[in-house]
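Here is how the chains run, residue by residue.
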Amino acid sequence: MSAEEQSSAVVLQGLVKSYGPVRAVTGVDLQIRHGETVALLGPNGAGKTTTIDMMLGLTKPDTGSVSLFGQLPRAAVARGAVGGMLQNGTLLRDLTVRELVAMVGGLYPDPLSVDDVLRITDTVDIADRRTQKLSGGQAQRVRFAMALVSNPELLILDEPTASLDVGSRREFWGVMRRSAALGKTVVFATHYLEEADLYADRVVVMTRGRIVADGPATEIKARVGRKNIRATLADVGIDSLRELPGVVGAERRGESILLRCVDSDQALRLLLSRYPAASDIEVTGVGLEEAFIEITEGPDSSLTSGEDH
Ligand SMILES: Nc1ncnc2c1ncn2[C@@H]1O[C@H](COP(=O)(O)OP(=O)(O)O)[C@@H](O)[C@H]1O
Ligand SMILES: [Mg+2]
């Protein structure tokens, strides 16, 4: 085992996976250190689930390798070191939440106490409810409890909040945070930039089967969290607009201007104070897909800083 594998929670090397003609993952290298909370961020079809399934040993890579704490995924999962929460898991019916969590815990050598798990996952109030009676948000917290009960060192969550409303989403992340605070390593997939930014220390951006950016959440947000400001504003030179702090590009079409911003709040404040005549102002987020394509194909595409996390 290499020193690299020993000191890391996760080491992915040269992972490739195709489904027939579809190249789902086209060469992923990634190292995750103990205690990191990492978001795997990318649009639908980017290869996040395929990568996670290979991490959990559920899908075999065509080439490349996965090491979790220096072990093969199946060995690490069997000893309870890894808790997984899949995108399309269902809950066993006709058991109460407490029974289900206890049953799953019984499969592992050194589980947490059921009471602790219920407390951490905020499921004490629904402990005696049968699984088929749960709301979407409650069901996700129970699935999280199932991932946590083995007392894993590593939690791997595939789009855990995809089907939830905003309130349940926030509750879920509160619960996740509490487990990350226990010193666990957490990897979660999401296609929401906001979630990656709020809940991860490090964001790994995937698109079209490969990693296109990797860095601290704030840095990634600055790269892909761009916004555009549109306004009507005649008689102002495009160069002076381009120089506004927060603005990285500006275009004019007749009386309309378009400002591409890394910090639209700052740009908007300055725009209004310097050019009070600006009207019909519109701020729109640039879609992740668009931002990713810019990263992948844009002029400065050397954005992966994978050498030193
Ligand atoms: N079992 C499968 N059979 C065929 N194609 C698949 C299968 N799983 C995933 N794919 C394809 O692989 C690509 C990556 O999918 P996936 O890993 O699910 O991405 P993500 O989780 O980022 O949305 C997509 O084009 C998807 O359609
Ligand atoms: Mg997926």
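Calculation criteria
Residues numbered from 1 in each chain as written. Chains lettered and ligands numbered in written order. Predicted model: local features only at pLDDT ≥ 70, side-chain atom pairs only at ≥ 80, totals over all residues. Heavy atoms only, no water. Helix = DSSP H or I, 4+ residues; strand = E, 2+ residues; numbered from the N terminus. Polar contact = N/O pair within 3.5 Å; in protein donor to acceptor, adjacent residues only side chain to side chain. Contact = heavy atoms within 4.5 Å. Near = heavy atom within 4 Å. Areas by Shrake-Rupley, 256 points an atom, 1.4 Å probe, with all protein chains shown as cover. Salt bridge = Lys/Arg side-chain N within 4 Å of Asp/Glu carboxyl O. Buried < 20%, exposed > 50% of the residue type's maximum accessible area, 1.4 Å probe, protein only. Pairing = 2+ DSSP bridges. Axes fitted to C-alpha atoms, helices over the stretch in contact; angles between N-to-C directions. Phe/Tyr/Trp six-rings, centres within 6.5 Å; stacked < 30°, edge-to-face > 60°.

Engineer: Could you give me a rundown of the side chain of threonine 123, with the residues and numbers involved?
Structural biologist: As for its placement among the helices and strands, threonine 123 is situated in the loop between α5 (114–120) and α6 (136–148). A distance of 2.9 Å separates the side chain of threonine 123 from the side chain of threonine 121, its partner in a polar contact. Once residues lying within four places of it in the same chain are set aside, the contact partners of threonine 123 are Val97, Val117, Leu118, Arg141 and Val142.

Engineer: Could you give an account of the site of ligand 1, with specific residues and numbers?
Structural biologist: Taken together, the residues surrounding ligand 1 are Tyr19, Val22, Ala24, Pro43, Asn44, Gly45, Ala46, Gly47, Lys48, Thr49 and Thr50. A distance of 2.7 Å is found between an oxygen atom of ligand 1 and a backbone nitrogen or oxygen belonging to glycine 45. Here an oxygen atom of ligand 1 sits 2.8 Å away from a polar atom, N or O, in the side chain of threonine 49. Calculation on ligand 1 without its partners gives an accessible area of 560 Å², and the protein chains cover 60% of this total. Within the residue set of the shell around ligand 1, elements represented by two or more residues are β2 (22–33) and α2 (48–55).

Engineer: Any chance you could break down the pattern of salt bridges for me, citing the residues and the numbers?
Structural biologist: Scanning the entire structure with this criterion turns up 11 salt bridges. Between lysine 48 and glutamate 159 there is a salt bridge whose closest N-O contact spans 3.5 Å. With lysine 48 in helix α2 and glutamate 159 in the loop between β6 (154–158) and α7 (166–180), this pair connects stretches of sequence that are 111 residues apart. Considered together, lysine 48 and glutamate 159 belong to a single accessibility category, that of buried residues. For the salt bridge of arginine 141 with glutamate 171, the shortest nitrogen-to-oxygen distance reads 2.9 Å. Of this pair, arginine 141 sits in helix α6 while glutamate 171 sits in helix α7, and the two are 30 residues apart along the sequence. The structure contains a network of salt bridges with shared partners spanning Glu36, Arg202 and Asp214.

Engineer: Kindly report on the sheet that holds strand β8 (residues 202–207), identifying the contributing residues and their values.
Structural biologist: With respect to topology, 6 strands assemble into an open sheet ordered β5-β6-β7-β3-β8-β9, the strand pairing being mixed. Bordering the open sheet on either side are β5 (82–85) and β9 (210–216), each of which pairs with just one other strand. Direction aside, the axes of adjacent strands within the sheet are offset by 15 degrees on average. Sheet strands touched by α2: β3 (37–41), β6, β7 (185–190) and β8. Its angle to β6, the strand with the most contacts, is close to 150 degrees. Where α7 meets the sheet, its contacts fall on β3, β5, β6 and β7, and the angle it forms with β7 comes to roughly 155 degrees.

Engineer: Could you give an account of the environment of glutamine 140, naming the residues involved and the relevant values?
Structural biologist: With respect to the secondary-structure elements, glutamine 140 resides in helix α6. A residue is classified by how much of its surface remains accessible, and glutamine 140, at 6% relative accessible area, is buried. Separated by 54 residues in the primary sequence, glutamine 140 and glutamate 194 place their C-alpha atoms 19 Å from one another.

Engineer: Please provide a residue-by-residue account of unusual backbone geometry, values included.
Structural biologist: In this model, glutamate 159 sits at a positive phi of 45 degrees, which is unusual for a non-glycine residue. Positive phi values are uncommon outside glycine, yet aspartate 280 reaches one of about 50 degrees. When you line up the elements, aspartate 280 lands in strand β13 (residues 279–285).

Engineer: Account for the pairing of strand β1 (residues 8–19), naming residues and giving values.
Structural biologist: Bridge count between β1 and β2: 9 bridges; the pairing is antiparallel. Across the sheet, residue leucine 15 finds its bridge partner in β2, namely valine 28. Bridge count between β1 and strand β4 (residues 63–68): 5 bridges; the pairing is antiparallel. Residue pairing in the sheet places valine 11 in a bridge with serine 67 of β4.

Engineer: Describe in detail the packing of aromatic side chains, supporting the description with residues and values.
Structural biologist: The tally for this structure, following the rule as stated, stands at 4 aromatic pairs. Ring centres of phenylalanine 144 and phenylalanine 172 lie 5.4 Å apart, and the angle between their planes is 75 degrees; this geometry places the pair in the edge-to-face category. Taken as a pair, phenylalanine 144 in helix α6 and phenylalanine 172 in helix α7 lie far apart in primary sequence, 28 residues in all. Just as phenylalanine 144 is buried, phenylalanine 172 falls in that class too. Between tryptophan 173 and tyrosine 199, the ring centres sit 4.8 Å apart and the planes meet at 10 degrees, which makes this aromatic pair stacked. Taken as a pair, tryptophan 173 in helix α7 and tyrosine 199 in helix α8 (residues 193–199) lie far apart in primary sequence, 26 residues in all. Each of the two residues, tryptophan 173 as well as tyrosine 199, counts as buried.

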